[in-house]
Amino acid sequence: MNIKPDCITCIMNQTLKVCKLLEVDDLTAKKLLDSTAEILVQHDLSHTPPQIAKETYSKIAELTGVEDPVAKAKALATEMALEVDTAFVQTLHDAVKFAVIGNVIDFGAQKQLNLDATIQTHFHRHFGIDDFGMFEKELATAKTLVYIGDNTGEHIFDKLLIETIKKHYDIEVYYFVRGAPIINDVTCKEAEILRSCATVTDTGVPTPGYDLQYANASSKALFDKADIVLAKGMGNFESLYDETDRTVYYLFIVKCNVVSQAIGQEVGELIFSRH
């Protein structure tokens, strides 16, 4: 999914948020914002938002000397997620909904949502698009599932969904993570906690979304051959939607107008779409 003009302001805003998170001085903030603006000028609208984000965050890391600029936010998100009461999650559909509600943990989102408030307001809401019936049907015969992770913090919610799936189905799950720190996306480091229920797979991808042109051969082979692929979050949707011929289940909350227009659902809607 290619960038739109709205994405430009979103990417600039992300850089500003990183400046505040790192508590840099005004001159450094100006330098980082200038570098992001220069990258945006150099790229036309044929690129995806995650591809642009890769360039901007690489430059931020270079200019600040901080390899993982959002590390503090990732740690706090994980702590917050681990404190959430999950006792009310009883069914597989509950676990799917709980996992998608976790998608509010997103440092890069245009619209920031409160986790506790979203759990209260969204858990009993219907999905804007809900292909759970088809997902459940395919799970009955599937032997392998690729689950493409998104943000740190929500990976705790992903763990609950994977554990719930494996309670009901004899299936091998591969949990895809990014190849290096990018925004607040989950990497092998944060995904250690999932090794009890899934094979954590470093995709080699440096973008905040599973971009096929950057994927290493081993993850690409798993992606191509898996019986089911579930892609979590808007970054994976932006990277894969209309970019792959294989069927993918997209699980995310709509958090910006650009994705809202692409999927045909309002901002704030829960999406579980087979495409």
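Computed from a prediction, not measured in an experiment: that's the story for all the values here.

(A) Structural view of the packing of helix 2 (residues 26–42) against helix 3 (residues 49–64). Across the interface, helix 2 lies against helix 3 with an axial gap of 10 Å and an inter-helix angle of 150°. With respect to helix 3, the axis of helix 2 lies roughly antiparallel. The handedness of the crossing between helix 2 and helix 3 comes out as right-handed. Touching Lys-31, Leu-32, Ser-35, Thr-36, Ile-39 and Leu-40 of helix 2 are Ile-52, Glu-55, Thr-56, Lys-59, Ile-60, Leu-63 and Thr-64, all from helix 3. For the contact of helix 2 with helix 3, the per-class residue count stands at six nonpolar, four polar and three charged.

(B) Here's a closer look at the pairing of strand 7 (residues 270–274). Counting buried residues in strand 7 gives four out of five residues, a clear majority hidden from the surface. Across two bridges, the pairing between strand 1 (residues 129–130) and strand 7 is parallel. Across the sheet, Ile-129 pairs through a bridge with Ile-271, a residue of strand 7. With five bridges joining them, strand 6 (residues 249–253) and strand 7 adopt antiparallel strand pairing. The residue bridging Tyr-250 from the neighbouring strand is Ser-273, located in strand 7.

(C) Geometry of the side chain of Asn-151. Summarising the element assignment, Asn-151 is placed in the loop between strand 2 (144–148) and helix 8 (155–168). A polar contact is formed between the side chain of Asn-151 and the side chain of Glu-154, at a distance of 2.9 Å.

(D) Quick look at the pattern of salt bridges. This model, assessed by the stated rule, comprises 14 salt bridges. With a shortest N-O distance of 3.3 Å, Glu-55 and Lys-54 are connected by a salt bridge. Classification of Glu-55 as partly exposed rests on a relative accessible area of 29%. A salt bridge links Asp-158 to Lys-232, with the nearest nitrogen and oxygen atoms 2.5 Å apart. With Asp-158 in helix 8 and Lys-232 in strand 5 (residues 228–232), this residue pair connects regions lying 74 residues apart in the sequence. Taking relative accessible area as the criterion, Asp-158 reaches 0% and is therefore assigned buried. Bridged by salt links that share partners, the residues Asp-68, Lys-74 and Glu-190 form one connected network.

Parameters at a glance
- Residues numbered from 1 in each chain as written.
- Predicted model: local features only at pLDDT ≥ 70, side-chain atom pairs only at ≥ 80, totals over all residues.
- Heavy atoms only, no water.
- Axes fitted to C-alpha atoms, helices over the stretch in contact; angles between N-to-C directions.
- Helix = DSSP H or I, 4+ residues; strand = E, 2+ residues; numbered from the N terminus.
- Parallel < 35°, antiparallel > 145°, perpendicular 65-115°, else oblique.
- Left-handed = near helix turned anticlockwise from the far one by under 90°.
- Contact = heavy atoms within 4.5 Å.
- Nonpolar A, V, L, I, M, F, W, Y, C, P; charged D, E, K, R; others polar.
- Buried < 20%, exposed > 50% of the residue type's maximum accessible area, 1.4 Å probe, protein only.
- Pairing = 2+ DSSP bridges.
- Polar contact = N/O pair within 3.5 Å; in protein donor to acceptor, adjacent residues only side chain to side chain.
- Salt bridge = Lys/Arg side-chain N within 4 Å of Asp/Glu carboxyl O.

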